[in-house]
Amino acid sequence: MQFTRPRGTRDFLPEEMAKRRYVEDVIRKVFESFGYGEIQTPTFEKLELITTKSGEDIRNHLYHFEDKSGRKLALRPELSAPTMRLYVNELRIRPKPRKIYYFENCFRYERPQAGRYREFWQAGVELIGSDKPESDAEIIYLAAQTLQELGIKEYEINIGHIGVFRKFLEKSGIKEEGQNTLMGIIDKADKEALQDALNQTGISKENKETLLKLINLTGTKKVLKEAEELLKDFGTEELKKFAETLDLLETFGLKDYTINFGIARGLDYYTSTVFEIAIPTLGAQKQVCGGGRYELIQAFGGGQTPSCGFAFGFDRIMLALEIQGQKLPTKEKTKVLVIPAPKELLKDAIKIANKIRQHTSCEIDLMGRKLDKAMNYANNENIPYVVIVGEEELKDGKVVIKNMKTGEQQKTKIGEIKNAVG
Ligand code: HAM
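Description of the structure in this document. From a predicted model like this one, the values you see are computed outputs, not experimental measurements.

A word on the overall build of the protein. Assigned secondary structure in the protein consists of 16 helices and 17 strands. Computed over the C-alpha atoms, the radius of gyration of the protein is 28 Å, more than 25% above the 22 Å expected from 2.2 N^0.38 for a compact globule of 422 residues. The principal-axis extent of the C-alpha atoms belonging to the protein is close to 95 × 55 × 45 Å. A total of 422 residues make up the protein; the buried ones form 50% of that total. Summing over all exposed atoms, the protein offers an accessible surface of approximately 22,200 Å²; the carbon and sulfur share of this is 47%. Taking the average place of the 66 positive charges on the side chains of the protein and the average place of its 63 negative ones, the gap between the two points comes to 4 Å.

Written out as structure tokens, the structure is:
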């Protein structure tokens, strides 16, 4: 019986893995250059950790199960909640801020399509313990800087502020749960559903109109003025903090962004600045990064600990690089193939291969092939050098080295193979 992969998952061949590892390395280096340190958490967590403050969308797409002892568990759909749990368990007493990054697989039972998978990888950072606008600014700048370093040519950064909404909704008499429902609908940009949901909240006609106007506010810094005008009777404290964040962001060096008050994010834990980055060439699944400021630690039994962060959808970044035709290094080829000829010299060949491997990559013919067949293999696999272990040469402590590109052959002392293959 032949088995296929579970729907929404992928296999990665060595060539693809080499490219993924290369891009992964670039991302890691940028994260580390800002002082972030890597963590690893379990692939599955307690179900309740994942469902607390995660949002309806995430809850609807969970892979969850009971283990043999009846514990309710879930495969992680994202890494902010696991990171916050780890912080409460392990890092609470360390100085702040804690700067953490991760590069891990996540699982969401979504309808698979190009750029949307049931198993996908997130590369993200969490900056824990600072409520300062410079922290918000730094993470947005870091996300943009990562895309720069990767050579992504076209991307759009949209920055919004959920705190402005939450304050407004609170003052309109809508409690946190109602706010979360509305945010989820705004995130999906479903205008009809939003009208229905607003009608159910009993919000006044006037406030409803203000809210709808706010959601549609998008553009340069001048929309802050319009927002201020809209919110003048509700308090503009949040807007002031937002302006400060944007100001600092420009000091970091990021000026090319759009303010978009329609950004609500699909997760319940966000509290103020939020942002998303899209790469338009990706089409329907163009969002490659999402993040913002949030509060989760309190809900996990730690004290109030303001945090912010973001996560890249790594697979979408790989797709975007492919679409833009970016050349990425493929797998380093094996440098040398050692062939015993005749095959009775296998043991000598093994010892020679072990020596070569101290300096460079080396395979030995494992198929017991004749010399010409083994040479064909080296040719097909683009292995640039073949070391032929033959009886005559071995008597003099030598082998024959063939350069597969030029066809040149030379006898070389075993101790000097290193120089001959470069
Ligand atoms: P998120 O927006 O749900 O945020 O996911 C972050 C990124 O993961 C998305 O922008 C997208 O690129 C990628 N992604 C999500 N679902 C899929 C999928 N099914 N297939 C492929 N890629 C996908 C979070 O997860 C937050 N934890 C981000 C965060 C960190 N906020 C603060 N800190």
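This is not the end of the story, as more comes after the structure.
Quick look at the site of the ligand now. Neighbouring the ligand are 26 residues, the closest being Glu78, Glu110, Tyr117, Tyr270 and Gln287. Within the side chain of Tyr270, a nitrogen or oxygen atom sits 2.6 Å from a nitrogen atom of the ligand. Considered on its own, the ligand offers 650 Å² of accessible surface; in the complex 96% of this is hidden by protein. At the level of elements, β6 (119-128), β11 (287-294) and β12 (307-313) are the ones that each hand at least two residues to the shell around the ligand. No other element matches the 6 residues that β11 contributes to the shell around the ligand.

It is worth spelling out the pairing of β6 at this point. Extensive coverage of β6 is indicated by the burial of 10 of its 10 residues. Burial of β6 is two-sided: the residues Glu119, Trp121, Ala123, Val125 and Leu127 facing one way and the residues Phe120, Gln122, Gly124, Glu126 and Ile128 facing the other way are all buried. Alignment of strand β5 (residues 98-107) against β6, held across 10 bridges, turns out to be antiparallel. Looking at β6, one finds that Ile100 is bridged to Glu126. Relative to β12, β6 is paired through 7 bridges, and the arrangement is antiparallel. If you follow Gly124 over to β12, its bridge partner there is Ala311.

Looking now at the sheet that holds strand β17 (residues 409-413). The strands making up a sheet are joined through hydrogen bonds of the backbone, oriented either antiparallel or parallel. Spatially, β14-β13-β15-β16-β17 is the arrangement adopted by the 5 strands of the open sheet, whose pairing is mixed. Two strands close off the open sheet at either side, each with one partner strand: β14 (362-364) and β17. Taking each pair of neighbouring strands and ignoring which way they run, the sheet shows an average axis angle of 25°. Where strand β13 (residues 336-340) and β14 come together, 3 bridges link them in parallel fashion. Within the sheet, the bridge partner assigned to Val336 lies in β14 and is Cys362. Of the strands in this sheet, β13, β14, β15 (385-389) and β16 (398-403) touch helix α14 (residues 371-380), which is tilted by about 170° from β13.

Let us now look at the sheet that holds strand β1 (residues 37-38). Read from one edge to the other, the open sheet built from 9 strands follows the order β1-β5-β6-β12-β11-β10-β7-β9-β8, with strand pairing classed as mixed. In the strand order of this sheet, the two ends are held by β1 and β8 (218-219), each with one partner. The pairing of strand β7 (residues 156-161) with strand β9 (residues 258-260) spans 2 bridges and is parallel. If you follow Asn158 over to β9, its bridge partner there is Thr258. Relative to the sheet, helix α6 (residues 162-171) contacts β7 and β10 (270-278), its axis offset from that of β10 by approximately 140°. Against the sheet, helix α11 (residues 237-252) makes contact with β7, β9 and β10, and its axis sits at roughly 150° relative to β7, the strand it touches most.

In this section: the packing of aromatic side chains. The full count for this structure, using the stated rule, is 15 aromatic pairs. Arranged with centres 5.7 Å apart and planes meeting at 75°, the rings of Phe12 and Trp121 form a pair that is edge-to-face. Remark: Trp121 occurs in strand β6 and Phe12 occurs in the segment before α1 (14-33); sequence separation between them is 109 residues. Residue Phe12 is classed as partly exposed on the basis of its relative accessible area, which comes to 22%.

Moving on: the packing of α6 against helix α9 (residues 205-215). The interhelical angle for the contact between α6 and α9, taken along N-to-C directions, is 175°, at an axis separation of 11 Å. Relative to α9, the element α6 is oriented roughly antiparallel. Judged by residue contacts, Val164, Phe165, Phe168 and Leu169 of α6 engage Asn207, Thr210, Leu211, Leu214 and Ile215 from α9. Here the residues of the contact of α6 with α9 are counted per class, giving 7 nonpolar, 2 polar and no charged.

Of the residues making up α9, those classed as buried are Asn207, Lys208, Thr210, Leu211, Leu214 and Ile215. Summarising the axial view, the buried residues of α9 lie within an arc of 160°, below the 170-degree limit, and thus occupy one face. Pointing more than 90 degrees away from the buried face of α9 are the exposed residues Lys205, Glu206 and Lys213. Along its buried surface, α9 packs onto α6, α7 (176-187), α8 (191-201), α10 (222-230) and β9.

Rules behind the numbers
Residues numbered from 1 in each chain as written. Predicted model: local features only at pLDDT ≥ 70, side-chain atom pairs only at ≥ 80, totals over all residues. Heavy atoms only, no water. Helix = DSSP H or I, 4+ residues; strand = E, 2+ residues; numbered from the N terminus. Rg over C-alpha atoms; globule rule 2.2 N^0.38 Å. Buried < 20%, exposed > 50% of the residue type's maximum accessible area, 1.4 Å probe, protein only. Areas by Shrake-Rupley, 256 points an atom, 1.4 Å probe, with all protein chains shown as cover. Lys, Arg positive; Asp, Glu negative; His and termini not counted. Charge placed at Lys NZ, Arg CZ, Asp CG, Glu CD. Near = heavy atom within 4 Å. Polar contact = N/O pair within 3.5 Å; in protein donor to acceptor, adjacent residues only side chain to side chain. Pairing = 2+ DSSP bridges. Axes fitted to C-alpha atoms, helices over the stretch in contact; angles between N-to-C directions. Contact = heavy atoms within 4.5 Å. Phe/Tyr/Trp six-rings, centres within 6.5 Å; stacked < 30°, edge-to-face > 60°. Parallel < 35°, antiparallel > 145°, perpendicular 65-115°, else oblique. Nonpolar A, V, L, I, M, F, W, Y, C, P; charged D, E, K, R; others polar. Arc of directions from axis to C-beta.

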